Amino acid sequence: MQSRYWIFSLLVAATAQTGLAQTQWVTERLPDVEFRVRLIQEPDQIEAIVGNNLDKEFMLVELEVKPLYGSKIHFSRDDFMLRTRADNDHSYAQSPSRIAGKGVYSVEQRRTSGGGVFGQSNDPLIIGGAPGTGSTPRRVGGPPGAVGNARSGTSEIRVQQTESTAPETLQDSLARLELPLPETDQDLHGYLYFQLDPKNKLKHIVFYYDGEYGEFQVKFEK
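If you're wondering where the values come from, they're calculated on a predicted model, not measured in any experiment.

Criteria and cut-off values
Residues numbered from 1 in each chain as written. Predicted model: local features only at pLDDT ≥ 70, side-chain atom pairs only at ≥ 80, totals over all residues. Heavy atoms only, no water. Pairing = 2+ DSSP bridges. Helix = DSSP H or I, 4+ residues; strand = E, 2+ residues; numbered from the N terminus. Axes fitted to C-alpha atoms, helices over the stretch in contact; angles between N-to-C directions. Phe/Tyr/Trp six-rings, centres within 6.5 Å; stacked < 30°, edge-to-face > 60°. Polar contact = N/O pair within 3.5 Å; in protein donor to acceptor, adjacent residues only side chain to side chain. Contact = heavy atoms within 4.5 Å. Patch = residues over 30% accessible without salt bridge, like charges linked within 9 Å, V, L, I, M, F, W, Y side chains within 5 Å. Areas by Shrake-Rupley, 256 points an atom, 1.4 Å probe, with all protein chains shown as cover. Salt bridge = Lys/Arg side-chain N within 4 Å of Asp/Glu carboxyl O. Lys, Arg positive; Asp, Glu negative; His and termini not counted. Charge placed at Lys NZ, Arg CZ, Asp CG, Glu CD. Buried < 20%, exposed > 50% of the residue type's maximum accessible area, 1.4 Å probe, protein only. Core = buried A, V, L, I, M, F, W, Y, C linked by side-chain atoms within 4.5 Å.

Caption draft 1: The arrangement of the sheet that holds strand β9 (residues 205-211) in detail. Read across the open sheet, the 4 strands follow the order β5-β4-β9-β10; overall the sheet is antiparallel. Every other strand in the sheet has two partners, leaving β5 (90-92) and β10 (214-219) as the edge strands with one partner each. Strand-to-strand twist in this sheet, taken as the mean axis angle between neighbours without regard to direction, amounts to 15 degrees. Judged from the 6 bridges that link them, β9 and β10 form a sheet pairing that is antiparallel. Of the residues in β10, the one forming a bridge with Asp-210 is Glu-215.

Structural data, given as structure tokens:
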């Protein structure tokens, strides 16, 4: 019985800790569109969503957006801003390519000096060799080395086509989860990414929308 109580206590503590990672939903209604908004602040929760804690330099805002009365809606990242009233530090919504850089192969990244916030890994990428293309596999990036073994004579190389198992890149993950921006008349759900220190106190953080459909600001609560 005591063992079961101890396990239950751990589960409650873990749930409570996870609950600290996001705020309550806030609803804002404009003439043509309704927004539901909440903040994802804790790096552990951000990592659980996108597969990376973004070097603990970003916060996420999750949005549910509903066009009203048959309206068509579209957005720009510059419509959205996150600011801390403590020192007026602020960030507009950042694009996946700006955050992850170009040519990123894996969500397990490390900071480098170039190409956005995250640079690409040193792991090689094997391309080519698809059936019917007449090409053979070759290596792009990574340490030097050959793909397969070279043989003399008339040996035959057979390539079996299988489903790709390449990992989703960080940029792909961010793009997949981002709030859709193109014009639509459908309900939307997604995240926006703001380069603002997550250590800022929640009471100081304000989210702004200022775009084609009006404007509002949101202060968050647990």
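Caption draft 2: Focus on the pairing of strand β1 (residues 26-29). Examined bridge by bridge, β1 and strand β2 (residues 33-40) share 4 bridges and lie antiparallel to one another. Note on β2: the bridge partner recorded for Arg-29 is Glu-34.

Caption draft 3: Just the packing of aromatic side chains, in detail. Under the counting rule described, the total for this entry stands at 11 aromatic pairs. Following the ring pairs from residue to residue traces out a cluster consisting of Phe-35, Phe-75, Phe-80, Phe-194, Phe-207, Tyr-209, Tyr-213 and Phe-216.

Caption draft 4: Expanded view of the side chain of Arg-83. By secondary structure assignment, the location of Arg-83 is in strand β4 (residues 80-84). At a separation of 2.7 Å, a polar atom in the side chain of Arg-83 contacts the side chain of Tyr-208. Those residues within four positions of Arg-83 in sequence are excluded, and the remaining contacts are Asn-88, Asp-89, His-90, Leu-196, His-204, Ile-205, Val-206 and Tyr-208.

Caption draft 5: Focus on a negative patch on the surface. Negative charge collects at one region of the surface, where Asp-32, Glu-183, Asp-185 and Glu-212 lie side by side. Within the element layout of this structure, Asp-32 appears in the loop between β1 and β2. Overall, the relative accessible area of 33% leaves Asp-32 in the partly exposed class.

Caption draft 6: Layout of the nonpolar core. Phe-35, Leu-63, Phe-75, Phe-80, Leu-82 and Phe-207 are the most contacted members of the largest nonpolar core, which has 28 residues in total. Elements with a contribution of two residues or more to this core: β2, β3 (59-67), β4, β8 (188-194), β9 and β10. Among all residues touching Leu-63, those that are not within four sequence positions of it are Phe-35, Arg-36, Val-37, Phe-80, Leu-179, Leu-188, His-189, Gly-190, Leu-192 and Phe-207. If you look at the next biggest cluster of nonpolar residues, it comprises 14 residues, including Ile-40, Ile-46, Leu-174 and Leu-177.

Caption draft 7: Just the pattern of salt bridges, in detail. In total, this model carries 5 salt bridges according to the counting rule given. Of the charged contacts in the structure, one is a salt bridge between Glu-62 and Arg-38, with a shortest N-O distance of 2.8 Å. Residue Glu-62 is found in strand β3, and its partner Arg-38 is found in strand β2; the two are separated by 24 residues along the sequence. Accessibility expressed as a relative area gives 15% for Arg-38, which makes it buried. A salt bridge links Arg-77 to Glu-178; the nearest nitrogen and oxygen atoms lie 2.7 Å apart. A residue pair is termed long-range when its members are at least 10 positions apart, and Arg-77 in the loop between β3 and β4 and Glu-178 in the loop between α4 (170-177) and β8 qualify at 101 residues. Owing to a relative accessible area of 26%, Arg-77 belongs among the partly exposed residues under this scheme.

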